[in-house]
Amino acid sequence: MKEWTSTRLQAFAAADDLRISPFYSDGRTYGTPTWIWSVVVGNHLYVRAWNGPQSSWYQSAVAQRAGRIYLAGCNFNVTFTPVASQPALTAAVDAAYRRKYAESDYLLPMLQTGPRSATVEILPENL
């Protein structure tokens, strides 16, 4: 399994420009880029769907498990892994969202059940 480098993770932790493009059902065509919040916890990159599991990008990411992201000024081919409910990890991701987006009026909704249940880890396909 490939992992992000520490240099990339540092850049990702500060960046607020993630655009996610899971593949469409054909498995080859990238979906329309959707801007979403991202956080780094430990050596992992996570995102959540604002509209929870009904979000179209989330449904595509879960179904196709791959696509592309734009983050910290670069495009990356990636894989998507839905995160199973794990209280310690959920708390750590919540804390990362609180730190990174503390000034946003949209923070509290991202910490609710719907978005929490639509948390995805993003890993590089190749670097």
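Before reading on, note that the structure itself is shown above.
The sections below set out a description of the structure shown in this document. (Residues numbered from 1 in each chain as written. Predicted model: local features only at pLDDT ≥ 70, side-chain atom pairs only at ≥ 80, totals over all residues. Heavy atoms only, no water.)

Comments concerning the environment of isoleucine 36
And then number 1: Note on placement: isoleucine 36 falls in the loop between strand 2 (34-35) and strand 3 (38-41).
And then number 2: Of the residues examined, isoleucine 36 reaches a relative accessible area of 7% and is grouped as buried.
And then number 3: Separated by 35 residues in sequence, isoleucine 36 and leucine 71 have C-alpha atoms that sit 10 Å apart.
And then number 4: Contact partners of isoleucine 36, with chain neighbours within four places excluded, come to Leu18, Ile20, Val47 and Trp57. (Helix = DSSP H or I, 4+ residues; strand = E, 2+ residues; numbered from the N terminus. Buried < 20%, exposed > 50% of the residue type's maximum accessible area, 1.4 Å probe, protein only. Contact = heavy atoms within 4.5 Å.)

Some thoughts on the sheet that holds strand 5 (residues 66-71)
And then number 1: Spatial ordering of the open sheet is given by 2-1-5-6-7-4-3, a layout of seven strands whose pairing is antiparallel. The open sheet terminates on both sides in strands that have one partner only, identified here as strand 2 and strand 3.
And then number 2: Bridge count for strand 1 (residues 19-22) against strand 2 is two bridges, and the pairing is antiparallel. Pairing of arginine 19 across the sheet is with tryptophan 35, part of strand 2.
And then number 3: Sheet contacts for helix 3 (residues 87-100): strand 3 and strand 4 (44-48); angle to strand 3, the most-contacted strand, approximately 125 degrees. (Pairing = 2+ DSSP bridges. Axes fitted to C-alpha atoms, helices over the stretch in contact; angles between N-to-C directions.)

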